[in-house]
Amino acid sequence: MSTPPLHIGAGDPSAPPAYRGGAFLACQQFMRNHAALAGFFILLLLGFAAVLAPWISPYDPTALKLSEKLLPPSFSHWMGTDYFGRDVMTRIVWGGRVSLSVAFLVVFYSLLVGVPIGLVSGFVGGRLDNALMRMMDAFLTFPPLLLAVAIVGLLGPDLENVVIALGIVQIPVFARIVRGSTLSAREEVYIVAARALGASAARVVFSGILRNIVSPIVVQITIVFAGAIIAEASLSFLGLGSQPPDPSWGRDLSEARRYMGDAPWLIIGPILACMLCVLSINFVGDGLRDSLDPRSWRAKTTGGSTPRVPEQVTP
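Predicted model only: the values in this text are computed from it and were never measured.

Concerning the packing of aromatic side chains
One pass over the full model with this rule turns up four aromatic pairs. When the centroid spacing of 5.8 Å and the interplanar angle of 65° are considered together, the rings of phenylalanine 40 and phenylalanine 41 count as edge-to-face. Since its relative accessible area comes to 49%, phenylalanine 41 is described here as partly exposed. Through pairs of rings, three or more aromatic residues link up here, namely Tyr83, Phe84 and Tyr259.

This is the structure in structure tokens:
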């Protein structure tokens, strides 16, 4: 006799709210967060500007025009020009393309490796859990940026190596968060029931546990994304990331500091771009954290108290 399909968590009052209309309520809560919405739209604008940089940029970001070097902001050059006559606004747009691409790849690769490690470690437990977590702890003992500098120093200064270094640094972070969430989720009633009904380990992990620990993963993605932008700018500032004449917010800051006395406008653009991008991501992350936490919107909809689910008494 075949076992009927299992919908892990569906209809169970102890299951997370994602199975009981919680996704819609979370979306509503996010839409009510004005700071998160503002951050989301700013990120959209920055993303569109980065994607459409070849079509919206009025100048070549790497073309030299020494006859127009260190020009102040004007209608022709909204943010002025640098020492080599390159339009600062154009280089900021192209630099955003670099920073956002690096941050996206760092998040993707660290998720690709860190999430499976955390799932396996938390679900299997025992000696495998201890071995994997001690390995992750070994990476976490080093300051993240210092470890990234060491890795890039070994591999060589290049954006691809920056992605590899920052991805390695963030893998233990995702592994730790996923492992902790998995340890809690595997003891829930709906997971225990699914395993008792004969559901395979893969089905329990992917259909039950992984779907119900999305909230902390999503919030951590925003934190890692913002951190990757700052780290890429820092490494490029030190000469370990983007190499001249390629545009980068960190690289442009490194070059602008030499001419702060003669052309202070050079340093304003990259700083504002980096600050605006990171603040927007933080606003979105705060909004996601509040909207994905059922205790937050339940408290708001019930006047500050979380409704208690009555216990099921089995005869």
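There is more to say after this.
Considerations on helix H6 (residues 144-155)
Between its first and last C-alpha, H6 extends 17 Å over 12 residues, near the 16 Å set by a 1.5 Å rise per residue. Check the buried side of H6 and you find it contacts helix H5 (126-140), helix H7 (159-185) and helix H10 (214-237).

Some points on the pattern of salt bridges
Here the structure, examined in full by the defined rule, presents 11 salt bridges. When the shortest N-O distance is used, the salt bridge between aspartate 129 and arginine 179 registers 2.7 Å. Here aspartate 129, found in helix H5, pairs with arginine 179, found in helix H7; they are 50 residues apart in sequence, far enough to count as distant. For aspartate 129, a relative accessible area of 7% translates into the label buried. Accessibility expressed as a relative area gives 18% for arginine 179, which makes it buried. The partner of aspartate 290 in a salt bridge is arginine 289, and the shortest N-O contact between them spans 3.3 Å. Beyond isolated ion pairs, a larger network of salt bridges with shared partners links Asp82, Arg86, Arg251 and Glu255.

Some details on the layout of surface pockets
Volume-wise, the second largest pocket comes out at about 290 Å³. What lines the second largest pocket is a set of 15 residues, and nearest its centre among them are Leu46, Met89, Ile92, Val93 and Ala273. Broken down by secondary-structure element, the contributors of at least two residues to the lining of the second largest pocket are helix H2 (34-51), helix H4 (88-124) and helix H12 (265-292). Here the lining of the second largest pocket takes six residues from H4, the largest share from any one element. Of the residues assigned to the lining of the second largest pocket, the class counts are 12 nonpolar, two polar and one charged.

Regarding a nonpolar patch on the surface
Taken together, Phe40, Phe41, Leu44, Phe48, Val51, Leu52, Trp55 and Ile56 make up a surface patch of nonpolar side chains, about 840 Å² in accessible area. At the level of elements, H2 and helix H3 (53-56) are the ones that each hand at least two residues to the nonpolar patch. If you tally residues by element for the nonpolar patch, the top one is H2, at five residues. Relative to the helices and strands, isoleucine 56 is located in helix H3.

Observations regarding the packing of H10 against H12
Relative to each other, H10 and H12 sit at 170°, their axes nearing to 9 Å. Comparing their axes, H12 and H10 come out roughly antiparallel. Residues Ser215, Val218, Val219, Thr222, Phe225, Ala226, Ile229 and Ile230 of H10 form the contact with H12, whose own contacting residues are Cys274, Cys277, Val278, Ile281, Asn282, Gly285, Leu288, Arg289 and Leu292. Within the contact of H10 with H12, the residues separate by chemical class into 12 nonpolar, four polar and one charged.

Digging into H10
Taking 1.5 Å of rise per residue, the 24 residues of H10 would be expected to cover 34 Å, and the 34 Å separating its terminal C-alpha atoms lies within 8% of that figure. Directly after H10, the chain includes glycine 239, whose backbone phi takes a positive value near 90°.

With respect to the confidence of the model for the chain
Taken as a whole, the chain shows an average pLDDT of 84; of its residues, 86% reach a score of 70 or greater. Here helix H13 (residues 294-301) stands out as the element of the chain with the lowest mean pLDDT, 55, in contrast to H4, whose mean of 94 is the highest. The low-confidence segment residues 1-6, where pLDDT is below 50, has five contacts with residues more than four positions distant or belonging to other chains. Contacts from residues 10-20, a stretch scored under 50 in pLDDT, to residues over four places away or in other chains number 28 contacts.

Cut-offs and rules
Residues numbered from 1 in each chain as written. Predicted model: local features only at pLDDT ≥ 70, side-chain atom pairs only at ≥ 80, totals over all residues. Heavy atoms only, no water. Phe/Tyr/Trp six-rings, centres within 6.5 Å; stacked < 30°, edge-to-face > 60°. Buried < 20%, exposed > 50% of the residue type's maximum accessible area, 1.4 Å probe, protein only. Helix = DSSP H or I, 4+ residues; strand = E, 2+ residues; numbered from the N terminus. Expected span 1.5 Å × (residues − 1). Contact = heavy atoms within 4.5 Å. Salt bridge = Lys/Arg side-chain N within 4 Å of Asp/Glu carboxyl O. 1 Å grid on protein atoms, 1.4 Å probe; cavity = no way out; pocket = protein on both sides within 12 Å on 5 of 7 lines; lining within 4 Å. Points joined across faces, edges and corners; volume = space filled by probe spheres on them. Nonpolar A, V, L, I, M, F, W, Y, C, P; charged D, E, K, R; others polar. Patch = residues over 30% accessible without salt bridge, like charges linked within 9 Å, V, L, I, M, F, W, Y side chains within 5 Å. Areas by Shrake-Rupley, 256 points an atom, 1.4 Å probe, with all protein chains shown as cover. Axes fitted to C-alpha atoms, helices over the stretch in contact; angles between N-to-C directions. Parallel < 35°, antiparallel > 145°, perpendicular 65-115°, else oblique. pLDDT = per-residue confidence, 0-100.

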